[in-house]
Amino acid sequence: MPGLSCGIVGLPNVGKSTLFNAITSNNAPASNYPFCTIDPNTGNVEVKDHRLPTLSKISGSAKIIYATMQFVDIAGLVAGASKGEGLGNKFLTNIRETDAIIHVVRCFDSSDIIHVSGQVDPIQDIEVINLELALADLQMVENTLSRLEKQAKGKKELQPALDCLTRIRDHLNQNQPVRTLSLTEEEKEILKAYNFLTAKKVLYVANVSEEDLPSMENAYVQRVRAYAEAEGNSVLPICARLEEEIAQLPVEERDSFLESLGLKESGLDRLVRASFKMLGLITYLTTGEIETRAWTIKRGTTAAEAAGEIHTDIQKGFIRAEVVGFEEMVTYKGRVGAREAGKARAEGKEYLVKDGDVILFMHN
């Protein structure tokens, strides 16, 4: 499932580009002035998974291929972006093209780093951006409705779309994001044609200072958490400055550096995992002498569809899938041992793949 991406948004100077640099070690410019990021920077990040090296050892694989996610650093939005303020409409288009939103919120005080509105207020910051996204959606829905109303006069089949979009317009007018509107299955299907910004899932990243380590808790973070819970989203506190420092260390020194700060893992690993979960993604695994590999699929994917991620020919010629759970692969030292212990299952096309299934596809 290539191309799954999260757009990183936030007001200018909240730590977006610093976080992005850490995520991708891509050295996107991070400066103390607004609109430092003009064109979106993109970076692909490996989803670290301890199961792959373990399977690789069992199979004697020549290489390991991790699942990846794309992160897109979108320039700092400002009030009025939906009307073209700052670099407005261009950024909104960049966000529309991503699958989910990572909203970076400043949760630290510093006289060295200017705040775009002159004071640190994470809830106000969130609301500025959410309002811009809602206004952009409102503009889109109104334009679409006026077009559909003309077309619907002679076409009854357009009425369900008209009704659905009218509900969305009314919801947005009450300052509510599309994601909080309960929709029927038919309405969900209609909405796939329209890429509403406020329909996307959001993960709030509370950017804290190094003084807040290791707990990463402060009064600002608690306010963001309460806000996110009320709208059904989650919060991940991260110290972007620390992540940038970690990214510059040799890989073998990172764990001991984290331990010295009282941290078990990097914020980056937590962010990638949280993004994966937010998008409803899981991985199944394949392993052999050539490679051990993680394949990204949506939760609820069938065995035949999962086979199609490797190659459409495998999906077309699907006979069955031999499935062994990761734990059984370890316990019985590979597929042959799992088979002998009766732990290898033959599954058909409609089997729903689970996270960590190690699969061998039989096909014509």
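Thresholds applied
- Residues numbered from 1 in each chain as written.
- Predicted model: local features only at pLDDT ≥ 70, side-chain atom pairs only at ≥ 80, totals over all residues.
- Heavy atoms only, no water.
- Helix = DSSP H or I, 4+ residues; strand = E, 2+ residues; numbered from the N terminus.
- Buried < 20%, exposed > 50% of the residue type's maximum accessible area, 1.4 Å probe, protein only.
- Contact = heavy atoms within 4.5 Å.
- Areas by Shrake-Rupley, 256 points an atom, 1.4 Å probe, with all protein chains shown as cover.
- Pairing = 2+ DSSP bridges.
- Axes fitted to C-alpha atoms, helices over the stretch in contact; angles between N-to-C directions.
- pLDDT = per-residue confidence, 0-100.
- Expected span 1.5 Å × (residues − 1).
- Polar contact = N/O pair within 3.5 Å; in protein donor to acceptor, adjacent residues only side chain to side chain.
- Salt bridge = Lys/Arg side-chain N within 4 Å of Asp/Glu carboxyl O.
- Core = buried A, V, L, I, M, F, W, Y, C linked by side-chain atoms within 4.5 Å.
- Phe/Tyr/Trp six-rings, centres within 6.5 Å; stacked < 30°, edge-to-face > 60°.
- Lys NZ or Arg CZ within 6 Å of the ring centre and 35° of its normal.

**Digging into the overall build of the chain**
Each helix and strand counted, the chain has 14 helices and 12 strands in total. Put simply, the chain has 364 residues, and 51% of those count as buried. Pairs at least 24 apart in sequence give 68% of the contacts found in the chain among residues at least 6 apart. Summed over its atoms, the accessible surface of the chain is roughly 17,900 Å², and 49% of this surface lies on carbon and sulfur atoms.

**Here we look at the sheet that holds strand β4 (residues 68-73)**
Strands pair in a sheet through their backbones, by hydrogen bonds, and they do so in one of two ways: parallel or antiparallel. Spatially, β2-β4-β1-β5-β6-β7 is the arrangement adopted by the 6 strands of the open sheet, whose pairing is mixed. On the outer flanks of this sheet lie β2 (41-46) and β7 (234-238), each paired with one strand and no other. Between one strand axis and the next, the sheet turns by 25 degrees as a mean value, whatever way the strands run. Inspection of the sheet shows β2 paired to β4 by 6 bridges, in the antiparallel sense. Looking at β4, one finds that T42 is bridged to V72. Strand contacts of helix α4 (residues 122-152): β1 (5-9), β5 (100-106) and β6 (202-207), with the helix running at about 145 degrees to β5, the strand carrying the most contacts.

**Side note on the confidence of the model for the chain**
For the chain, per-residue confidence averages 88 on the pLDDT scale, and 89% of positions sit at 70 or higher. Scored below 50 in pLDDT, residues 26-38 makes 37 contacts in the model with residues more than four places away or belonging to other chains.

**Examining helix α7 (residues 219-230)**
Between its first and last C-alpha atoms α7 spans 17 Å; for 12 residues at 1.5 Å apiece the expected length is 16 Å, and the two agree. Where α7 is buried, its residues meet β5, α4, β6 and β7. Put simply, N218 is the residue that caps the front of α7, since its side-chain oxygen is 2.9 Å from the backbone nitrogen of Y220. With its phi angle positive at about 80 degrees, G232 sits one or two positions after the end of α7.

**Thoughts on the pattern of salt bridges**
The tally for this structure, following the rule as stated, stands at 18 salt bridges. Note that E187 is salt-bridged to R167, the shortest N-O span being 2.8 Å. Separated by 20 residues along the polypeptide, E187 in helix α6 (residues 185-191) and R167 in helix α5 (residues 159-173) bring together distant segments of the chain. Owing to a relative accessible area of 34%, R167 belongs among the partly exposed residues under this scheme. Residues R169 and D170 are paired through a salt bridge, measuring 3.6 Å at the closest nitrogen-oxygen approach. Judged by relative accessible area, which is 26%, R169 ranks as partly exposed. Residue class for D170 comes out partly exposed when judged on its relative accessible area of 38%. Beyond isolated ion pairs, a larger network of salt bridges with shared partners links D49, R51 and D355.

**Some thoughts on the nonpolar core**
Note on soluble globular proteins: their nonpolar side chains tend to be buried together. One finds F71 and L271 to be the most contacted residues of the largest nonpolar core, which totals 69 residues. V141, L158, L181 and L191 belong to the second-largest nonpolar core, a separate cluster that totals 19 residues.

**Observations regarding unusual backbone geometry**
Residue P214 is reached from L213 by a cis peptide bond, and omega for that bond is -5 degrees. Along the chain, the position of P214 falls in the loop between β6 and α7. In this model, N175 sits at a positive phi of 60 degrees, which is unusual for a non-glycine residue. Considering the arrangement of structural elements, one finds N175 in the loop between α5 and α6.

**Topic: the packing of aromatic side chains**
Inspection of every chain in the model, using the stated rule, returns 5 aromatic pairs. Plain terms: the ring middles of Y194 and F196 are 6.3 Å apart, the flat faces sit at 35 degrees to each other, and that makes the pair tilted. Exposure remark for F196: the relative accessible area of 2% places this residue in the buried category. Residues Y204 and Y227 carry aromatic rings whose centres are separated by 6.2 Å and whose planes lie at 85 degrees to one another, so their mutual orientation is edge-to-face. Highlighted residues: Y204 in strand β6 and Y227 in helix α7, separated in sequence by 23 residues. Classification of Y204 by relative accessible area gives buried; the value is 0%. An aromatic cluster of three or more residues is present, and its members are Y284, W295, F318 and F361. Between K48 and the ring centre of Y66, over which it is positioned, the NZ or CZ distance is 4.9 Å. In this structure, R293 is placed above the aromatic ring of W295, and the distance from its NZ or CZ to the ring centre is 4.1 Å.

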